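Examination of the molecular architecture
What follows is each chain in one-letter form.
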Amino acid sequence: MSTVTTDRADAAVSAPAGARERAAEPATRPPTRTGALRRHWRAAVLGAVVLAWILTWAALRGTQTLELGGAERTDVHTWLNGLRDSFDAARGTSAVFEYLIQPITNGLNGGVAFLQHLLSQPSAVRPVPEIGWLGVVALLGWATFAAAGVRSMLLVAACVLLFGFFGYWQQSIDTLIVTFVAVAICALVGLPLGVLTARNRRAAAVVTPVLDLMQTLPSFAYLAPLAFVFGIGPAAAIVTTIIYSLPPLVRITEHGIRAVSPVTLEAVESMGGTAWQTLLKVQLPMARRTIVVGINQCTMAALSMATIATLINGPGLGGPVLQALQSLDVGSAFVSGLAIVLMAIMLDRTTTAASERSGIEARVQRGTAPTGMRGRRGRRIAVVVGAVAAAVAVYLSRTYIAFAQFPASPDLGGPLAKAVSGATDWTVGTFSGFTNWLREAVTAVLVNPLESLLAQSPWWAMALVLLALAFTLGGWRPAAVTLACEAVILGTGLWNESMKTLATTLVATLLVVVAAVAVGVWMGRSRLVDSAIRPVLDAFQTIPPFVYLVPALALFGPTRFTAIVAALAYGVPIATKLVADGIRGVSPVTVEAAESMGTTGWQMVSRVQLPMARAAVVLAANQGLLYVLAMVVVGGLVGGGGLGYLVVSGFSQGQLFGKGLAAGIAITALGVMLDRIAQHAAARYGRV
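None of the values given here were measured: they were computed from a predicted structure.

**Regarding the overall build of the chain**
Looking only at helices and strands, one finds 29 helices and 0 strands in the chain. Its C-alpha atoms give the chain a radius of gyration of 26 Å, within 12% of the compact-globule value 26 Å for 688 residues. For the C-alpha atoms alone, the extent of the chain along its principal axes is close to 80 × 65 × 60 Å. Buried residues in the chain amount to 53% of all 688 residues. Taking the intrachain contacts of the chain between residues at least 6 apart in sequence as the baseline, contacts between residues at least 24 apart amount to 82%. Split by element, the accessible area of the chain, about 29,700 Å² in all, is 67% carbon and sulfur. The average position of the 48 basic charges and that of the 32 acidic charges among the side chains of the chain differ by 9 Å.

**Quick look at the environment of cysteine 159**
By the secondary structure assignment, cysteine 159 is in helix α7 (residues 150–165). Cysteine 159 sits in the buried class, given a relative accessible area of 4%. Separated by 284 residues in the primary sequence, cysteine 159 and threonine 443 place their C-alpha atoms 40 Å from one another. Leaving out residues up to four positions away in the same chain, cysteine 159 has contacts with Leu342 and Met346.

**Regarding the side chain of serine 457**
Here serine 457 is to be found in the loop between α18 (413–455) and α19 (459–474). Taking the relative accessible area as the measure of exposure, serine 457 reaches 1% and is therefore buried. Engagement of the side chain of serine 457 in a polar contact is seen with the side chain of tryptophan 53, the distance being 3.3 Å. A distance of 2.5 Å separates a polar side-chain atom of serine 457 from the backbone oxygen of leucine 453.

**Some thoughts on the nonpolar core**
Among soluble globular proteins, nonpolar side chains are generally buried collectively. Grouped together as the largest cluster of nonpolar side chains are 162 residues, with contacts concentrated most on Phe220, Met346, Leu549 and Leu637. With 13 residues, the top contributor of residues to this core is helix α29 (residues 657–687). If sequence neighbours within four positions are ignored, leucine 549 has contacts with Leu325, Ala566, Met631, Val634, Gly635, Leu637 and Val638. If you look at the next biggest cluster of nonpolar residues, it comprises 6 residues, including Val195, Ala198, Ala287 and Ile291.

**Observations regarding the packing of helix α15 (residues 318–326) against helix α23 (residues 545–556)**
Orientation of α15 relative to α23, taken along the N-to-C sense of each, is 25°, at an axis distance of 11 Å. Between α15 and α23, the angle is such that the two are roughly parallel. Judged by the twist between their axes, the crossing of α15 over α23 is left-handed. Every residue of α23 that contacts α15 at Gly318, Val321, Leu322 and Leu325 is listed here: Phe546, Leu549, Val550 and Leu553. Residue composition of the contact of α15 with α23, grouped by class: 7 nonpolar, 1 polar and no charged.

**What about the packing of aromatic side chains?**
This model, assessed by the stated rule, comprises 10 aromatic pairs. In this structure an aromatic cluster arises from ring pairing among Trp133, Phe165, Trp169 and Phe406.

**Re the confidence of the model for the chain**
This prediction gives the chain a mean pLDDT of 83; 91% of its residues lie at or above 70. The low-confidence segment residues 1–31 (pLDDT under 50) makes 83 contacts with residues lying over four places distant or belonging to another chain.

**Regarding helix α26 (residues 601–612)**
Relative to the 16 Å expected for 12 residues at 1.5 Å per residue, α26 spans 15 Å between its end C-alpha atoms, a close match to the ideal helical length. For α26, the complete set of buried residues consists of Met604, Val605, Val608, Gln609 and Met612. For α26, the buried positions fall inside an angular range of 135° around the axis, keeping them on one side. Exposed and oriented more than 90 degrees from the buried face of α26 are Trp602 and Arg607. Elements that come into contact with the buried residues of α26 comprise α21 (495–525), α24 (560–584), α25 (588–596) and α27 (614–634).

**Considering the pattern of salt bridges**
Per the counting criterion, the structure on display carries 15 salt bridges. In this structure, the salt-bridge partner of lysine 500 is glutamate 497, at a minimum N-O distance of 3.8 Å. Separated by 3 residues within a single helix, lysine 500 and glutamate 497 lie in helix α21, roughly one turn from each other. One salt bridge in this structure joins aspartate 530 and arginine 534, with 2.8 Å as the shortest N-O distance. Note that aspartate 530 and arginine 534 are positioned in helix α22 (residues 527–542) at a spacing of 4 residues, about one turn of the helix. For arginine 534, a relative accessible area of 9% gives the class buried.

**A few points about the packing of α19 against α21**
Close contact between α19 and α21 brings their axes to 11 Å; oriented N to C, the two are set at 45°. In terms of orientation, α19 lies oblique with respect to α21. Handedness of the α19/α21 crossing: left-handed. From α19, Trp459, Met462, Ala463 and Leu466 reach across to α21, where they touch Trp495, Met499 and Leu502. Among the residues forming the contact of α19 with α21, the class breakdown is 7 nonpolar, no polar and no charged.

Definitions and cut-offs
- Residues numbered from 1 in each chain as written.
- Predicted model: local features only at pLDDT ≥ 70, side-chain atom pairs only at ≥ 80, totals over all residues.
- Heavy atoms only, no water.
- Helix = DSSP H or I, 4+ residues; strand = E, 2+ residues; numbered from the N terminus.
- Rg over C-alpha atoms; globule rule 2.2 N^0.38 Å.
- Buried < 20%, exposed > 50% of the residue type's maximum accessible area, 1.4 Å probe, protein only.
- Contact = heavy atoms within 4.5 Å.
- Areas by Shrake-Rupley, 256 points an atom, 1.4 Å probe, with all protein chains shown as cover.
- Lys, Arg positive; Asp, Glu negative; His and termini not counted.
- Charge placed at Lys NZ, Arg CZ, Asp CG, Glu CD.
- Polar contact = N/O pair within 3.5 Å; in protein donor to acceptor, adjacent residues only side chain to side chain.
- Core = buried A, V, L, I, M, F, W, Y, C linked by side-chain atoms within 4.5 Å.
- Axes fitted to C-alpha atoms, helices over the stretch in contact; angles between N-to-C directions.
- Parallel < 35°, antiparallel > 145°, perpendicular 65-115°, else oblique.
- Left-handed = near helix turned anticlockwise from the far one by under 90°.
- Nonpolar A, V, L, I, M, F, W, Y, C, P; charged D, E, K, R; others polar.
- Phe/Tyr/Trp six-rings, centres within 6.5 Å; stacked < 30°, edge-to-face > 60°.
- pLDDT = per-residue confidence, 0-100.
- Expected span 1.5 Å × (residues − 1).
- Arc of directions from axis to C-beta.
- Salt bridge = Lys/Arg side-chain N within 4 Å of Asp/Glu carboxyl O.

Written as structure tokens, this is what we have:
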């Protein structure tokens, strides 16, 4: 999940369907007496549930916890291993595999291999790619100039050259290939689907729940099942990336089409325009800038997932990061992670600039901006000249080895990795006392007690507690979903590991909410602070989640706390911006009335702004929870334990594949359960 050009679009892309409309409406209504009574009743019920839970835990702690040993497997895990073997055996005989799965797999693998031989890797007949590094830089620069302008072209050229100077030329171009292929397929599917859902309510009713599910599932949950079907390699990586990055494109396209003024549509209809003409000549041109924003979001999500897909042998920069994390080589992990960050910044700024240019061109076509014919003619000439220059660079890169194989010097990656490793060693040595104290304190005060309460309670007691909490917080619908998800988790045989993952998730979510409220209130009350902090939050949102593991691992080592720190960094930006927008959305009349009564700053925050921005705060907690769950699972790579570790083990050890696949299913059930509870709680507490 990544940044967009407007804060409301952040909420629109990230929030579940039921919460998106509420995100745009600040809670400015004063609390009613009925609402207060309901809150007191719910608080009493929650208190009773928690008390009964603690008493049961104290009496039966450690019994009927359904805990499994590290290599222990259930019948379900063995059955999944057998199912994998059956799938492998059926690949050569099944009609589904022969006529559907295998053509898709071969097509995607073949397309990626073709582009790799064209741009990044030696081909069968050449010791270097068909187009060398100079041609690649020139082509990317020209395409960026045509779409986004000179500044973006310079940024792209600088970043692409840095990829080579860091020593990751091939991996970086491979990441771009996977990202662009996934985005191209998403555009072919997502743009028509977004238009359809905007113009057809029945289609929207069918598609929206599917998109909600796709956005709810943590990224790790996609990996094992898709590797199961498509095998490990580029095909599974691209399909995984498509599933992860398609929803924002569909949602934003739908929003852009629906946002076209009804007055404009009525005018077109009164002039005899058909539905097809209205779409092509009015809605799509007027929604063009919003659609480009959707492509921005799709691209950032695709990059994020493409790096994680290295776990299923996806090509690209994720491989060096994973290898460095596994060997605790912080310097190499930092350099490869920095390449991913530069790529994220490059793609984000380029697509944002393309969106802005698209908006200007749309206004020119509608006659609401100066035409600038001379400037437009000059730009066309510059684009043609750039195309000729790019063609010359491609020719040179195919003819001369110096322009085909990226030069070995200057080498920036090696010295930078050594410097970072040295700085890390000094930092850890100097501040190890503080970092160790912080890690142990949070683990002892928050993580261990909550994990013991969740994982050491009898499974049936914990299941009843979750059902009671779901019903009290959200009603019978999330309670029904919780019951179904609990049945799925029990079926996987990983109840105890799921509770450990839930404990880590809840601790990280608590820290995210505390940080988001503290910083969000500060931002909401001061536009100067907001203008200083918001760009930093936007930058943090462009960083793929894989990269957050590097500094967390460097400071705290491979522990559960490392996963919590990475999740904190990943979840705080979106939650903070939602809180800030909620505080700023409180009615100025109410604020002025409170100030005229001599209210202090603390009273203003605690008794006026936060209560009236309750809907935004609850939504921030909801979104923070989903972000945290995704990151805590990824934290299994750096000692986070729980379900994430089992997923990784399933990829690396064949006999544990079934257990890893079951862990992915349990992650899915846990994510759906938490999302439904949080979404309905956000609706209920935002309304009361």
